[in-house]
Amino acid sequence: MELRHLRYFVAVADAGNLTVAAQRILHTSQPSLSRQIRDLEDEVGTELLTRRARGIDLTPAGRAFLDHARSVLSQVEAAAEAARRAAHPAKPCFTMGFLTGHELTWMPEALRILHDELPNIDVMISSQYSPLLADGLLKGKIDAAFLRRERGVPELAYRVLVKEALMVVLPSNHRLAALKSIGPRDLVGEPFVTVSNTAPVLRAVIDNFLKRSGMKITPAHEADHLSMGMSLIASTGAVGLLPAYAQNFLPPSVTSRPLKGESPTVDLVLGYKRSNESPILKLLLSRLDELVERVSKKMR
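Okay, so let's go over this structure. (Residues numbered from 1 in each chain as written. Predicted model: local features only at pLDDT ≥ 70, side-chain atom pairs only at ≥ 80, totals over all residues. Heavy atoms only, no water.)

1. Here we look at the packing of helix 5 (residues 103-113) against helix 11 (residues 288-299)
Then, in step 1: Closest axis-to-axis distance for the helix 5/helix 11 pair is 10 Å, and the angle between their directions is 135 degrees. Regarding the angle of helix 5 to helix 11, the classification is oblique. Handedness of the helix 5/helix 11 crossing: right-handed. Contacts between helix 5 and helix 11 pair Leu104, Thr105, Trp106, Pro108, Glu109, Ala110, Arg112 and Ile113 from the former with Glu290, Leu291, Val292, Arg294, Val295, Lys298 and Met299 from the latter.
Then, in step 2: Each residue belonging to the contact of helix 5 with helix 11 can be placed in one class, and the counts come to 9 nonpolar, 1 polar and 5 charged. (Axes fitted to C-alpha atoms, helices over the stretch in contact; angles between N-to-C directions. Helix = DSSP H or I, 4+ residues; strand = E, 2+ residues; numbered from the N terminus. Parallel < 35°, antiparallel > 145°, perpendicular 65-115°, else oblique. Left-handed = near helix turned anticlockwise from the far one by under 90°. Contact = heavy atoms within 4.5 Å. Nonpolar A, V, L, I, M, F, W, Y, C, P; charged D, E, K, R; others polar.)

Laid out in structure tokens, this is it:
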């Protein structure tokens, strides 16, 4: 008894017709298929099929044999798949997360750092809000993330990449756009756009800066993400504070100016789970200074 006998028998049983099984499923001739089925019945020692004018019926022995034939074929396929996996094991996956907008700057340089390992791994990219990235790190869905230093997650470790200065973002035709730099007093009385709690770390830095400045500035709008903030500023004539990287995404209707004096900053960090033993993560961490230097040169 050979595997092809089992495959032929299952095909005939599924089709319910020798001719249909031969022509549409097995792509062989009907006489050849009939011969294979007779050989199988001789091997088993009993009839498995009853030939009818319009097809076939399984005998009780055929019905019993069919279940075992399917099982054997399934086991053979499982064995073949196991062999294929052993011969060609799946590549390990390394997932990097980026605070939305930062992937344009940091991802190309991170991939250059990992260049020699790329043929051996599958790299996945995730672009999200910082709190969601921290949650992904915590749950093991992300290996390394470029994000803010989220609080209340002791399982995570952070390495500072860059301190991003806050800039004033405002409509290009705003009266304050005529200034080379803008102070907190200049913002008093202006409609103000701040970030929502989708960016709690940045929101805290902005709130603390406004509080320290002693100026009473009440936000008129909250933006969930960068493009929403740009749209609100352009459409309402408002002003806002955003990290310097936002300058890369300003439409013509929106511009930016530095703050007078010492600008507040918000850290961009590389975060990872302390218990993560990924060798790719260790490689990335070992060359972090090189990564920062590469990005710094590109930004000059």
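The rest of the description comes next.
2. Re the side chain of Thr194
Then, in step 1: Turning to its location among the elements, Thr194 is positioned in strand 7 (residues 192-195).
Then, in step 2: Aside from chain neighbours lying at most four places away, what touches Thr194 is Arg203, Ile206, Pro219, His221, Glu222 and Ala223.

3. Thoughts on helix 2 (residues 18-26)
Then, in step 1: Taken residue by residue, helix 2 has Leu18, Ala21 and Ala22 as its buried positions. In an axial view of helix 2, the angular spread of the buried residues amounts to 95 degrees, which keeps them on one side of the axis. Exposed positions of helix 2 whose direction lies more than 90 degrees from the buried face are Gln23 and Arg24.
Then, in step 2: After helix 2 finishes, the residue His27 shows a positive phi value of roughly 55 degrees. (Buried < 20%, exposed > 50% of the residue type's maximum accessible area, 1.4 Å probe, protein only. Arc of directions from axis to C-beta.)

4. Remarks on the side chain of Asn276
Then, in step 1: By secondary structure assignment, the location of Asn276 is in the loop between strand 11 (265-273) and helix 10 (279-286).
Then, in step 2: At a separation of 3.1 Å, a polar atom in the side chain of Asn276 contacts the side chain of Asp143.
Then, in step 3: Residues within four places of Asn276 in sequence aside, it is in contact with Asp143 and Leu281. (Polar contact = N/O pair within 3.5 Å; in protein donor to acceptor, adjacent residues only side chain to side chain.)

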